[in-house]
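The residues making up each chain are set out below.
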Amino acid sequence: MPASKNANSTLKPSKKSAEPNYVLVIHGGAGTMVRDGSTPEQRAMYRAALSRALKAGYEVLKSGGEAMDAAVEAVSVMEDCPLFNSGHGAVFNVAGKIELETSLMVSKPPASHPAMPSSRRGSSVTLITRTKNPSHLARALYLAPQLAPHPMLSGAAAEAIGVSLGVRQVDPSYFWTEARWREHRRGLGLPEDPVEYPRPEIPDDTNSEATDVATLSDDKDKETWEPLDLMPTGTVGAVALDIRGCIAALTSTGGRTNKLVGRIGDTPVMGCGFWAEEWERDGGLVKRTWDRLRGKSKYGGVGVSGTGDGDYYIRRAAASNIARRMQYLDESLDEATRNVVSDLFKEGGLGGVIAVDRDGNVALPLNCSGMYRGVIRPDGVPLTAIFFDEQLTEL
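The structure displayed is predicted, hence computed values, not measured ones. (Residues numbered from 1 in each chain as written. Predicted model: local features only at pLDDT ≥ 70, side-chain atom pairs only at ≥ 80, totals over all residues. Heavy atoms only, no water.)

J.: Just to check I follow, could you spell out the overall build of the chain for this structure?
T.: Tallying secondary structure elements over the chain gives 10 helices and 13 strands in all. Per-residue burial over the chain gives 58% buried out of 395 residues. The long-range share in the chain, meaning contacts at least 24 apart out of those at least 6 apart in sequence, stands at 74%. For the chain, the exposed area adds up to about 15800 Å²; of that, 53% sits on carbon and sulfur atoms. (Helix = DSSP H or I, 4+ residues; strand = E, 2+ residues; numbered from the N terminus. Buried < 20%, exposed > 50% of the residue type's maximum accessible area, 1.4 Å probe, protein only. Contact = heavy atoms within 4.5 Å. Areas by Shrake-Rupley, 256 points an atom, 1.4 Å probe, with all protein chains shown as cover.)

Take a look at the structure:
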């Protein structure tokens, strides 16, 4: 599937000039889901979860909030849902432990923090084991340059700063789910039964915000569920454009199933699994005039969140490569994202990206069987899809 020209791979904003230009696009992972053997109920659960995340972020944008906060709200919903490989649904490493990663980047300082240096555009963390919502930690660190001056932190030190900033911590047992544990055991060639790591008793105050899978299904008595994606390598992510033209990209993940202890993927590596930037368009009088005639503003910009086999995204600097193609080759968002995703495929990297440019165009190309994805605009209608050949539709 090298072309990556899936249905709805690019979506343009409304032409109504009076309509606010904000948009939110999300993904819940890519690369390992298969249509064969899946059930309508199973697919509906995933799309319901995506819709819930879109609506959470939409409420922020509708009220004039920051792109950064809209992205955090959307990703938090997916981090709390065991269907996705992040937070409560994260996969295990080879030692049977959870090591989480997340990142946040903005195209320019948020309006709510005008004193933020323009050179400080993001923060990422890796090897996280106790933070309930890693996305909250990335935002807290970004907004605290005195405590966290570096663009990337890891492990207990990052979480200790988070505690001082009020970021909620939980016991590592919170992240355990039977489905992911069985995948971990199966991947190592170990027997799945009996389940040697029984589901812990989690205090109500710890698990109160986690999504019960049964609430996403018509079968309210259903206590067990089978993931649609097998042995995940993907992430969850959101890219938002707010009414002030700021773009925020946020990504969160548990990494690859049975990854080596201490493995760091593309999610916390700037320019690889995530990117957000704006730039002043260059060119002489003729080009500037031509840009105006095409409706292009003085500034270009893009936000990107990737999902799939992160090792390849690192090798290709995939996310920032999209921005460079737009800036220096004058490629459209559609062209740049499809070219990068196709290049990943040529080298063996399966996955996809979601991206938003400064004009509100959205791209969601993929080179694999599917990517949980969705878009919401000022009309407030969440549109979602799973498999590569599906149109984005309302559930």
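So, next bit.
J.: Before we go on, may I ask you to explain the sheet that holds strand 3 (residues 100-106) in this structure?
T.: Strand pairing within a sheet occurs via backbone hydrogen bonds; the two strands may be parallel or antiparallel. Judged by pairing direction, the sheet is mixed, and its 8 strands sit side by side in the order 5-4-3-7-6-2-12-13 without closing on themselves. Bordering the open sheet on either side are strand 5 (152-154) and strand 13 (383-387), each of which pairs with just one other strand. Taking each pair of neighbouring strands and ignoring which way they run, the sheet shows an average axis angle of 10 degrees. Here strand 12 (residues 370-376) pairs with strand 13 via 4 bridges, running antiparallel. Bridge pairing links Val375 to Leu383 in strand 13. Its contacts with the sheet put helix 2 (residues 67-79) on strand 2 (23-30), strand 3, strand 6 (236-241) and strand 7 (247-253), and the angle it makes with strand 6 is roughly 155 degrees. (Pairing = 2+ DSSP bridges. Axes fitted to C-alpha atoms, helices over the stretch in contact; angles between N-to-C directions.)

J.: I tried to follow the packing of aromatic side chains on my own but got confused; where do I start?
T.: How two aromatic rings sit relative to each other is set out by the distance from centre to centre and by the angle between their planes. By the definition in use, this model includes 6 aromatic pairs. Aromatic pair Tyr22 and Tyr58: ring centres 6.3 Å apart, planes at 45 degrees, arrangement tilted. In this pair, Tyr22 sits in the loop between strand 1 (10-11) and strand 2 while Tyr58 sits in helix 1 (residues 40-62), placing the two residues 36 residues apart along the sequence. By relative accessible area, Tyr22 is classed as buried at 5%. Note on Tyr58: relative accessible area 10%, which makes it buried. Aromatic pair Tyr46 and Phe84: ring centres 5.9 Å apart, planes at 80 degrees, arrangement edge-to-face. In this pair, Tyr46 sits in helix 1 while Phe84 sits in the loop between helix 2 and strand 3, placing the two residues 38 residues apart along the sequence. Of the residues examined, Tyr46 reaches a relative accessible area of 0% and is grouped as buried. For Arg121, the ring lying beneath its charged end belongs to Trp275, and the centroid distance is 5.4 Å. (Phe/Tyr/Trp six-rings, centres within 6.5 Å; stacked < 30°, edge-to-face > 60°. Lys NZ or Arg CZ within 6 Å of the ring centre and 35° of its normal.)

J.: Quick question: what am I supposed to make of the packing of helix 2 against helix 3 (residues 134-142) here?
T.: The description of two helices packed together rests on the angle between their axes and the distance between the axes. Running from amino to carboxyl end, helix 2 crosses helix 3 at an angle of 155 degrees, the nearest separation of the two axes being 8 Å. Considering the angle they form, helix 2 stands roughly antiparallel to helix 3. Contacts between helix 2 and helix 3 pair Met68, Asp69, Val72, Val75, Ser76 and Glu79 from the former with Pro134, Ser135, His136, Arg139 and Tyr142 from the latter. Of the residues contributing to the contact of helix 2 with helix 3, the split by class is 5 nonpolar, 3 polar and 3 charged. (Parallel < 35°, antiparallel > 145°, perpendicular 65-115°, else oblique. Nonpolar A, V, L, I, M, F, W, Y, C, P; charged D, E, K, R; others polar.)

J.: Honestly, the side chain of Lys132 in this entry has me stumped. Any pointers?
T.: Along the chain, the position of Lys132 falls in the loop between strand 4 (122-128) and helix 3. At a separation of 3.4 Å, a polar atom in the side chain of Lys132 contacts the side chain of Asn133. (Polar contact = N/O pair within 3.5 Å; in protein donor to acceptor, adjacent residues only side chain to side chain.)

J.: Explain the pairing of strand 8 (residues 274-280) to me, please; I cannot follow it from the model alone.
T.: Every regular strand shows the same layout, with side chains that alternate between the two sheet faces. For strand 8, the tally of buried residues reaches 5 of 7 residues, placing the bulk of the element in the interior. Two strands pair when backbone bridges link them, and strand 8 and strand 9 (residues 299-308) are joined in this way by 7 bridges, in the antiparallel orientation. Its bridge partner lying in strand 9, Glu277 is registered against Val302.

J.: Is there a simple way to explain the pattern of salt bridges in this structure?
T.: A side chain with one charge can pair with a side chain of the opposite charge if their charged atoms come near. Taken as a whole, this structure holds 22 salt bridges when the rule is applied. Between Arg256 and Asp309 there is a salt bridge whose closest N-O contact spans 3.4 Å. In this pair, Arg256 sits in the loop between strand 7 and strand 8 while Asp309 sits in the loop between strand 9 and helix 8 (310-316), placing the two residues 53 residues apart along the sequence. By relative accessible area, Arg256 is classed as partly exposed at 28%. Put simply, Asp343 and Arg316 hold a salt bridge, and the shortest N to O gap is 3.5 Å. (Salt bridge = Lys/Arg side-chain N within 4 Å of Asp/Glu carboxyl O.)

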